[in-house]
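Structure assessment
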Amino acid sequence: MSGVSPKLLYSARVTLAEPATLIGIVLALFFAYLIAAPVLAMLVDAVVVQVPDARRIGAEPGTFTLYYLERALFSRVADPVFWTPLRNTLTIAFGGVAVALTLGSLFAWLLARTDMFGRRWFASALIIPYILPGWTFALAWLTLFKNRSSGGHAGWLESLGVSPPDWLAYGPVPTILILGLHYMPFVILLVGGALRNLDAQLEEQARVLGAGQRQAALRIALPLMRPALISATILVFAECIGDFGVPYVLGLPVNYDVLSTSLYRAVNSRQEGMAAVFAAAILLLGALSLSTDLWLLRNARRFATIGSRGSIDRATPLGALRLPASALAGLVFLAGVVVPLAVLALSTVMRVPGLFQPANFTLDFWVGTGLPTMAFPDGVLRTPEFWDAARNTLVIVGTASLTAGMLGLLVGHCVTRTSWTSLSGFLRQITFLPYLVPGVAFAFAFLSLFAVARGPIPALYGTNLILVLALIADQMPFASRAGVSAMMQLGREPEEAARVLGAGWTRRVSRIVLPIQRRALYTGVLLPFISGAKNLTLFALLAAPGTEVLTTFSLRLLENNYLQAANAVVLVIAAISFGGALLGQRLLGVDLASGFAK
Amino acid sequence: MTAGVKLTGLVKTYGEATAVQGVDLDVPAGDFLCLLGPSGCGKSTILRMIAGLEAQTAGRIEIRGETVADPAAGLFATPERRDVGLVFQNYALWPHLTVARNVEFGLRLRRMSAAARAQRVSEVLEEMEIAALAERYPGQLSGGQQQRVAIARTLAVEPKVLLMDEPLSNLDARLRLEMRGVLKRLHARLGATIIFVTHDQWEAMTLASTIAVMRDGRIEQVGTPEAIYERPESRFVVEFVGAPPINIFDLAAATPIARALAAAAGPRVVSAGVRPEALVLGQPAADVAFAAPAEVTGVLPTGGAWIVELACGNDTVFALSHNRPAVAPGDHIRVSAPRHAPHLFDDAGRTCSPVSMSEPATLPTPIDRAR
Ligand SMILES: Nc1ncnc2c1ncn2[C@@H]1O[C@H](COP(=O)(O)OP(=O)(O)O)[C@@H](O)[C@H]1O
Ligand SMILES: [Mg+2]
C-alpha cells in the first residue's frame, strides 16, 4: 500500500466498515437527481427560449430570455393570463383554509373535549373525506348542480326543474366548499392532537390561578394551540394552491382559471415557457407559506415542548347542545361522505340524470354494450381501457409505494447510522423538499427534466417509469420521516449486537432491522399507496395515452362529457383508497392518523 | 486458549470534544478488568472502540496480539471480524426472536449444523439457568432474565474477549448481587478475558482482578482492588473508591485537624484524606497522625455498621464503626487517626509518599472529655 497515506487508508476503511454511509451517498445522489434536479430544470425553463417560441422571440432555443416572465407579469395579456389566475388561486386557497379551519377546529374541540353523542364514531367517520379523492366531491357536485350552460347531461337539480345559477354550480364557491371539506380532517387531527395534550395543563392552570373558564381558554389555551392552528392553516393552504383536480373540474365550464389549471393547459398546448412561469409562481407560494410556518413556529415550539402529563379525558358537558352538536357532525358527514358517494353511485345507474323513474335505472354504464355515448360504447367494466388503467394503477402505484416505503426505511437507516452528520442532514432535507413544492408544480418540474433525453438518461415521458419516479419523489417526505423516526426509536444497539456477533450489513438489515420494522414498513407502503391511487395532479401532467391510470382515465371521460362513466371510475378509485385504508387498519394495524402528520 | 487486549495511546474526539484522551492499558489474557469511573468519563467509548463500533482518532488497539485498529498503520478491522463479545447496558435483545433464536443467531452465522446449534443453545441456557424460557420473547421477560439472555447470547459463540457495558446497572440490588456471583463463576470457568465497565465501585471491588480508574477520558490508576483501595495514587481515586466517602482536609484551613496534619506533613502536601473506617473515636492509639477534640453531631446506623458524624472545628468528619459506638449526639470525644492512615496529596491532587509525614502532632484539648 505504498503511496497511500495510512491516515487516508484508515478513514476509507472506517467509512467502508459501515455501509450506511456509502448507501447514504448513493441515496443522496439519487434524490438530488430525482428531486432537486427537476425543480432546477423547471426554474431554468422559465427563463430560456423554448423550441416552439424561437421564431416569435427571435432567438435560438435554449438561450436566456425574459420573454415568458415579461409576458406573464407585464404584457397586455398579463392580467387574464397570470394575475387573474393568481388572484383566483389565492381566493380558493384562503377560502378553503377558512372553511377547513372553522369546521376542523370546531370538530376537533367537540371530539376531543366534549361529551357529544357518538364521539368515538365521528372521530373516525369525519376523517373519511381526506381518504377519498378530492375531486370525487367535485364530480358529485357537478352531477347535482350542473346547469344547461355546459354540455352533456344536465344536473339533477336542472332535471328536477330547478336551474342552479352558475355561481353555485361552478367556480370559486363550490371549489372553496369542497377543498374546505376535503382538508377539514387534516385540521381535526392536528388541532385535536394538540388539544388532547393540553388538557392537564389547562385544567391545572385554571384551578391554581382561580381563573374563569373563558379566561383560561383565551389566555392559556389559545396561545398554546397557536402552533397547531398555524401548522394546520399553512399546510392546508399549501395543499390548496397545489391542488389541480377540484378547480379543474369545477372551473372548466366557466373558464375559472387558477395557477394549477393554467399550468395544465399551458402544458397541453405545448407552451412550456409559460407553464414554467406558472409552476415557479406556485412553487414560490408554497415555499413562502411553509417558511412562514417555520418562522412563526420558531418561537412557539419553544414553549409547546413543555410536556404535559397524560391527558385527562375531561369532557365539557354540552348540556342542551349535545344533540345539535352531534347533528352538525352528522350533517357534515352526510355532506362530506354520504351524499357525494351516493350521488356518484346513483348517477352511474341512471340514464338521464335526476330522473327517478324505474325505467331510467340501468346497469348499462357498468356492464352494458352499445351505449349511445359515441367513442365509449361499452359499460366501464366491459371496456378494456378501464382494465388497462386499473392494472396500470396497481402496478405503478404499487411499485412506487413499495419502493418509497423501502427507501424511507433505508433513508432512516442511513440518517441514523452514518457518522457523517452533513450526509444525514442532506438526506433529511432533500427528501423533505417535495413537500415544499405543490403537487402540480412538482409534476411539471418532472416533465421539464425527464421529457427529453438528457445525457445518458433517455426521455422518460410516455413510460411507466416517469410516473413511478414522480410518485416516489412525491411520497418521500412522508416515507423518509416515517423511516427516520422508526429507526430512531429502534436505536442502534440491536444492529450493533448483531455486528459484534459477526453479521454483515445484508444480514443485519434482512434478519434484524426489517423484521423489527415490519409494522413501520406496512405504514410506509400503505399510506403512499392510498395517496397514490387517488392522485390526479401528478398523473394528469405526466401520464401519456399509453400509460393511462384510473385517475387520468376518469379525467378523460369527464373531458368528453361521459359523466356516468367518469363517476363509475371515480367510485372504483374511492373504493380502492377506502378499502386500502380499512384493510391496513384492520389487518396490518397501520395507524392512519400518522399519515396526516406527514 | 485465551487472549489479551492492549491499548496504546488511544484517543477519541467528537468534533471539539475529547471523550478519550490517550489511554494506555494492557489487559493480560484471562484477566477480569473493571473500567471504573464516573459517568461521562469515556468508559463506554473505550469499550465500543475495542469492539470496533467506534473508530478511534489515534492510538492502537491489539486483540490477541494482533493489531485490529491503528490509524497510523491504516488498519481498521470491522466489528464483524474482531470476534469479541459485547453485552450492552440495555441488553439489546431482538424483540422479534425468541430467547432460543436470540442465542442461536451467532451460531447460525458460524455455519454450525442444526443439531450442534440446538445442543449449544441448550447448554448455554442451562448454564445461565434460563432453559425454561427458551421459547419466550424478550418482551415477556423480567430485567434479570433479559440480562441472562443477553449474556447467554454472547457466550454462545465462546468469545475469547468479553466486553460488558454496565450490564448490572438496570437490575435491583438483590439481582445485582446474584449476577455478580454468576459472572465471577463464569470467569473462573471460561478463563476468558473480561473487560467490564461500571461506575459502581462496589461492583468493581467485588468482581475485578484488576481495576482501571478513569477520569475525564484518562486512566488515573491501574491496579488490583487492594492496591486501588490501600495505595491510591491520587485524590480522585481515593475520593471515588470507598463508602462512605473519604474525609478530605484542606491543609491551609485553620481547623484543628488541618493544622495538626499540616504541621506534620511536608511542604508539598496541600490536602489530606482519612477514610471513615480509619478514624479512631475515644482514646488515641500510641502512634497517631493527629488527635483532636470533636463533638458528636449524629449517629447514623446503616445496618451492621454505624456512621458517626462529628464536628471538629469547622470540619465535618464522618467515621465508620463496625461496633455500636458508645456515643450520642452532643458528646465531646477525641478523634484520631493512626500514623499511616492519612493519604497526602500535592497541589495537583497526586499522592505524596508517606515519608513526607513527620512527627506526630497531638494538640492539647481543654475540653477533653474522651472516654
Ligand atoms: N456520539 C457522540 N458524539 C459526541 N459526544 C459523544 C458521543 N458519544 C459519547 N460522547 C461523549 O463522550 C464522553 C464519554 O462518553 P461515554 O464513553 O459514553 O461515557 P461513560 O460510558 O463513561 O459514561 C461524554 O462526555 C459523552 O458526552
Ligand atoms: Mg456508558
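Heads up: these notes are all about the structure in this document.

Each value, and the rule that gives it
Residues numbered from 1 in each chain as written. Chains lettered and ligands numbered in written order. Predicted model: local features only at pLDDT ≥ 70, side-chain atom pairs only at ≥ 80, totals over all residues. Heavy atoms only, no water. Salt bridge = Lys/Arg side-chain N within 4 Å of Asp/Glu carboxyl O. Helix = DSSP H or I, 4+ residues; strand = E, 2+ residues; numbered from the N terminus. Buried < 20%, exposed > 50% of the residue type's maximum accessible area, 1.4 Å probe, protein only. Pairing = 2+ DSSP bridges. Axes fitted to C-alpha atoms, helices over the stretch in contact; angles between N-to-C directions. Phe/Tyr/Trp six-rings, centres within 6.5 Å; stacked < 30°, edge-to-face > 60°. Lys NZ or Arg CZ within 6 Å of the ring centre and 35° of its normal. Parallel < 35°, antiparallel > 145°, perpendicular 65-115°, else oblique. Left-handed = near helix turned anticlockwise from the far one by under 90°. Contact = heavy atoms within 4.5 Å. Near = heavy atom within 4 Å. Polar contact = N/O pair within 3.5 Å; in protein donor to acceptor, adjacent residues only side chain to side chain. Areas by Shrake-Rupley, 256 points an atom, 1.4 Å probe, with all protein chains shown as cover.

Some thoughts on the pattern of salt bridges
By the definition in use, this model includes 37 salt bridges over all chains. Across the salt bridge formed by D115 of chain A and R322 of chain A, the nearest N and O atoms sit 3.7 Å from each other. In this pair, D115 of chain A sits in the loop between α5 (78-113) and α6 (119-125) while R322 of chain A sits in helix α16 (residues 322-347), placing the two residues 207 residues apart along the sequence. R322 of chain A sits in the partly exposed class, given a relative accessible area of 29%. Across the pair E80 of chain B and R508 of chain A runs a salt bridge whose closest N-O atoms are separated by 3.5 Å. One end of the pair, E80 of chain B, is in helix α2 (residues 79-82); the other, R508 of chain A, is in helix α23 (residues 505-516), on a second chain. Given the relative accessible area of 0%, R508 of chain A is considered buried. Among the charged side chains, a salt-bridge network with shared partners connects E18, R417, E495, R499 and R508 of chain A together with E80 of chain B.

Points about the sheet that holds strand β12 (residues 247-250) of chain B
Residue and element names in this part refer to chain B. Strand order in the open sheet made by the three strands is β12-β13-β19, with antiparallel pairing throughout. The sheet is open, and its two borders are formed by β12 and β19 (343-345), each paired with just one other strand. Averaged over all pairs of adjacent strands, the angle between their axes in this sheet comes to 20 degrees, without regard to strand direction.

Some thoughts on the packing of aromatic side chains
All names here are of chain A. Tallying each qualifying case throughout the model produces 23 aromatic pairs over all chains. When the centroid spacing of 5.3 Å and the interplanar angle of 80 degrees are considered together, the rings of Y67 and Y68 count as edge-to-face. Residue Y67 is classed as partly exposed on the basis of its relative accessible area, which comes to 23%. The buried category is assigned to Y68, whose relative accessible area is 1%. Counting every residue linked through ring pairs, the aromatic cluster contains Y33, F442, F446 and F450. Over the aromatic face of Y130 sits the side chain of K534, whose NZ or CZ is 4.9 Å from the ring centroid.

Quick word on the sheet that holds strand β9 (residues 193-198) of chain B
All names here are of chain B. Read across the open sheet, the six strands follow the order β7-β8-β9-β3-β10-β11; overall the sheet is mixed. The two strands at the open ends of the sheet, each matched to only one other strand, are β7 (85-87) and β11 (218-223). Put simply, the sheet's adjacent strands are angled 15 degrees from each other on average, direction ignored. As paired strands, strand β3 (residues 32-36) and β9 are joined by five bridges and run parallel to one another. Residue pairing in the sheet places F32 in a bridge with I194 of β9.

A word on the packing of helix α22 (residues 493-500) of chain A against α23 of chain A
Residue and element names in this part refer to chain A. Closest axis-to-axis distance for the α22/α23 pair is 10 Å, and the angle between their directions is 140 degrees. Judged on the interaxial angle alone, α23 and α22 are oblique. Crossing of α22 over α23 shows right-handed handedness. Here α22 contributes P494, E495, A498 and R499 to the contact with α23, which in turn contributes R508, I512 and V513.

Description of the site of ligand 1
Residues and elements named next belong to chain B. Taken together, the residues surrounding ligand 1 are Y14, A19, S39, G40, C41, G42, K43, S44 and T45. One of the backbone N or O atoms of C41 is found 3.2 Å from an oxygen atom in ligand 1. In this structure, an oxygen atom belonging to ligand 1 sits 2.4 Å away from a side-chain N or O atom of T45. Look at ligand 1: alone it shows 550 Å² of surface, and the protein chains cover 55% of it.

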